[in-house]
Amino acid sequence: MIVDGFPPIAEKSAEVLILGSMPSVASLSKGEYYGHPRNAFWPIMRQLFGAGPELDYRKRSRILIEHHLAVWDVLQTCYRPGSADANIDVGSIKINDFNRFFEQHRDIKRVLFNGGAAESLYRKHVLPILNSRFNYLEYQRVPSTSPAYAAMSLERKTMIWKTALGIVVNGRQ
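In this report, we go over the structure that sits alongside the text. Just so it is clear, the structure is predicted and the values come from calculations on it, not from any experiment.

Quick look at the overall build of the protein chain now. The helix and strand inventory of the protein chain stands at six helices and seven strands. In sequence order, the protein chain lays out its α and β elements as β-β-α-α-α-β-β-β-α-β-α-β-α. Over its C-alpha trace the protein chain gives a radius of gyration of 15 Å, about what one expects of a compact globule, namely 16 Å for 173 residues. Long-range contacts, defined here as pairs at least 24 residues apart, represent 68% of the contacts in the protein chain between residues at least 6 apart.

Our focus in this paragraph is the pairing of strand E6 (residues 110-114). Of all the five residues making up E6, four are buried; the element is thus mostly covered by neighbouring parts of the structure. Both strand E2 (residues 16-20) and E6 contribute to a ladder of four bridges, which runs parallel. Following the sheet pairing, leucine 17 is matched in E6 by valine 111. Alignment of E6 against strand E7 (residues 138-142), held across five bridges, turns out to be parallel.

It is worth spelling out the side chain of arginine 60 at this point. Within the secondary structure layout, arginine 60 lies in helix H3 (residues 57-66). Looking at arginine 60, its side chain comes within polar contact range of the main-chain oxygen of leucine 55, at 2.9 Å. Once residues lying within four places of it in the same chain are set aside, the contact partners of arginine 60 are Glu32, Trp42, Ala51, Gly52, Pro53 and Leu55.

On to a nonpolar patch on the surface, then. On the surface, a cluster of nonpolar side chains totalling about 370 Å² of accessible area is made up of Met1, Ile2, Val25 and Tyr79. Among the secondary structure elements, tyrosine 79 is positioned in strand E4 (residues 75-79). A relative accessible area of 37% means that tyrosine 79 is categorised as partly exposed.

Spatially, the four strands line up as an open sheet ordered E3-E2-E6-E7, and their pairing is parallel. Lying at the two open borders of the sheet, with one neighbouring strand each, are strand E3 (69-73) and E7. Along the sheet, successive strands turn relative to each other by an average axial angle of 25°, direction set aside. Across the sheet, helix H5 (residues 116-125) is in contact with E2, E6 and E7; its angle to E6 comes to roughly 125°.

Quick notes on the rules
Residues numbered from 1 in each chain as written. Predicted model: local features only at pLDDT ≥ 70, side-chain atom pairs only at ≥ 80, totals over all residues. Heavy atoms only, no water. Helix = DSSP H or I, 4+ residues; strand = E, 2+ residues; numbered from the N terminus. Rg over C-alpha atoms; globule rule 2.2 N^0.38 Å. Contact = heavy atoms within 4.5 Å. Buried < 20%, exposed > 50% of the residue type's maximum accessible area, 1.4 Å probe, protein only. Pairing = 2+ DSSP bridges. Polar contact = N/O pair within 3.5 Å; in protein donor to acceptor, adjacent residues only side chain to side chain. Patch = residues over 30% accessible without salt bridge, like charges linked within 9 Å, V, L, I, M, F, W, Y side chains within 5 Å. Areas by Shrake-Rupley, 256 points an atom, 1.4 Å probe, with all protein chains shown as cover. Salt bridge = Lys/Arg side-chain N within 4 Å of Asp/Glu carboxyl O. Axes fitted to C-alpha atoms, helices over the stretch in contact; angles between N-to-C directions.

This is how it looks when you write it as structure tokens:
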């Protein structure tokens, strides 16, 4: 099936961009990033910022924006039966316009990849055509929040995300 992604959750004040690969079938049906009920993204955001899945999606998005976070996906469109990144037809992909995005969001300094597929797709398809003006960006992969990645506990994922986002508690990261 042809899958079209979502526009970014972002405002000019964003400092960190969180990148996924492409919304799952559950996310597409809800019209929300990380819409699968077992995806750990929103539970992690609850722990870190109070943006849990129990809140309205617009409220959760606003909280992320208030914390200078942006959320987007590497791919704009692709052919993918089901939700698994492994099923993406590489010949069908169209990437999002990152040159334009980073031009419009000049305060972004860090990009966090929500899992290995997002990182792989970005490094293979975006980095080769990314304007050299953006060579200051720092990149880091964090554990996937996908329910398919159950090898790590929610608590461990949350701690790694917390460190990657540079959240300071009591003067310590």
